[in-house]
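# Understanding the architecture of this molecule
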Amino acid sequence: MMNRYFREYVIMTLALMVFVFGWTAFLIPNEITGGGIAGLSSVIQYATGIPISYSYFTINVVLLIAGFFILGGGFGFKTIFCIAASSLMFEFFPLIPWVSNIEDNLLNALIGGGLSGLGIGIVFTQGGSTGGTDIIALSINKYKNISPGKIYLACDTIIISSILLMPDKSLQDVVYGYIEIIAASYALDAYLTGTKQSVQILIMSDKYNEIADRLSFEMKKGVSSWNSRGWFTKEERNMLMVVVRKSEVNEVMKAVKEIDEKVFMMTAPVTAVYGGVFKEVKH
């Protein structure tokens, strides 16, 4: 149990480093804003000179209170860790001498946004959050099947537009901000979809009983069975179907091949799976 928690916090720390590096190396040096509390804090820094670490921490502490009531204490503790760790990183990462030397702010927005979204996506998979609009996204996603990336895109429009309140900024700066959140949303959704992708496996074998027992009782996989007929041979046999995570496909196929070397299997990606150990059915 302790090893699992330790692993989660190590992964979250590395993910936060990716998230903060995207901001401190590509976005902030080029005064590109973006989504979330980091984006709002960047606007505050550009307008007032207040370091992003201060406003980022302060705003998140206020918003964190809502997270305790909606998402529970376990989520809140991880979020406290993420907010504290990322605030410290925002304070000390600017001391790193390397920043992007890319002159095209379009590329800086794409790279910075992509790294930001990837970091947040990894944090999400460990049950944590970087705070702010993450809390809003996860709260809505808890009850509705709406991707976090879409929620980000909707919420962050107001934050991006606020940069127009600064006299030295123009619509071009707003466009770069939108590019950042689009890149972040795409990277976030791509990572989350990839880690949760499921695969349907159809298995045809004369040893279907043995295969089904092993998958069901030893490997704890849900197995369905129905009668099928080969049209060429006119022979009837049972077909098995099992749905697993993409990462578990090789494990299942290896187990099946150990039982029947001549087994016939088909795999197909599944867009979404609800119920059981997969996604909860939401209304």
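Here, the structure is the one placed above.
All values reported here derive from a predicted model rather than from experimental measurement.

Here we take up the pattern of salt bridges. Pairing between side chains becomes possible if they bear opposite charge and their charged atoms approach one another. In this structure the tally under the stated criterion is seven salt bridges. Glu 31 is the partner of Lys 169 in a salt bridge, and the nearest nitrogen-oxygen pair spans 2.6 Å. Taken together, the residues span a long stretch of sequence, with Lys 169 in the loop between helix H7 (148-161) and helix H8 (171-196) and Glu 31 in the loop between helix H1 (2-27) and helix H2 (36-48) at a distance of 138 residues. Within the structure, one salt-bridge network assembled from shared partners comprises Arg 214, Glu 218 and Glu 258.

This part covers the environment of Ile 211. In this structure, Ile 211 sits in helix H9 (residues 208-218). Of the residues examined, Ile 211 reaches a relative accessible area of 1% and is grouped as buried. It is 6.1 Å that separates the C-alpha atoms of Ile 211 and Val 256, two residues lying 45 residues apart in sequence. What Ile 211 contacts, discounting residues up to four positions off in sequence, is Ile 203, Ser 205, Leu 240, Val 256, Ile 259 and Asp 260.

Where the residue is not glycine, phi is negative for most of them; where a peptide bond is considered, it is trans in most cases. A positive phi angle, near 50 degrees, is found at Glu 31, a position not held by glycine. A relative accessible area of 34% places Glu 31 in the partly exposed class. A positive phi angle, close to 60 degrees, is found at Lys 220, a residue other than glycine. When you line up the elements, Lys 220 lands in the loop between H9 and strand S2 (223-229).

Residues Val 249, Val 252, Ala 255, Val 256 and Ile 259 constitute the buried set of helix H10 (residues 249-259). Taken end-on, H10 shows its buried residues confined to a sector of 135 degrees, consistent with a single buried face. Away from its buried face, by an angle of more than 90 degrees, H10 presents the exposed residues Asn 250 and Lys 254. Close packing links the buried residues of H10 with strand S1 (198-204), H9, strand S3 (236-245) and strand S4 (264-270).

Parameters at a glance
Residues numbered from 1 in each chain as written. Predicted model: local features only at pLDDT ≥ 70, side-chain atom pairs only at ≥ 80, totals over all residues. Heavy atoms only, no water. Salt bridge = Lys/Arg side-chain N within 4 Å of Asp/Glu carboxyl O. Helix = DSSP H or I, 4+ residues; strand = E, 2+ residues; numbered from the N terminus. Buried < 20%, exposed > 50% of the residue type's maximum accessible area, 1.4 Å probe, protein only. Contact = heavy atoms within 4.5 Å. Arc of directions from axis to C-beta.

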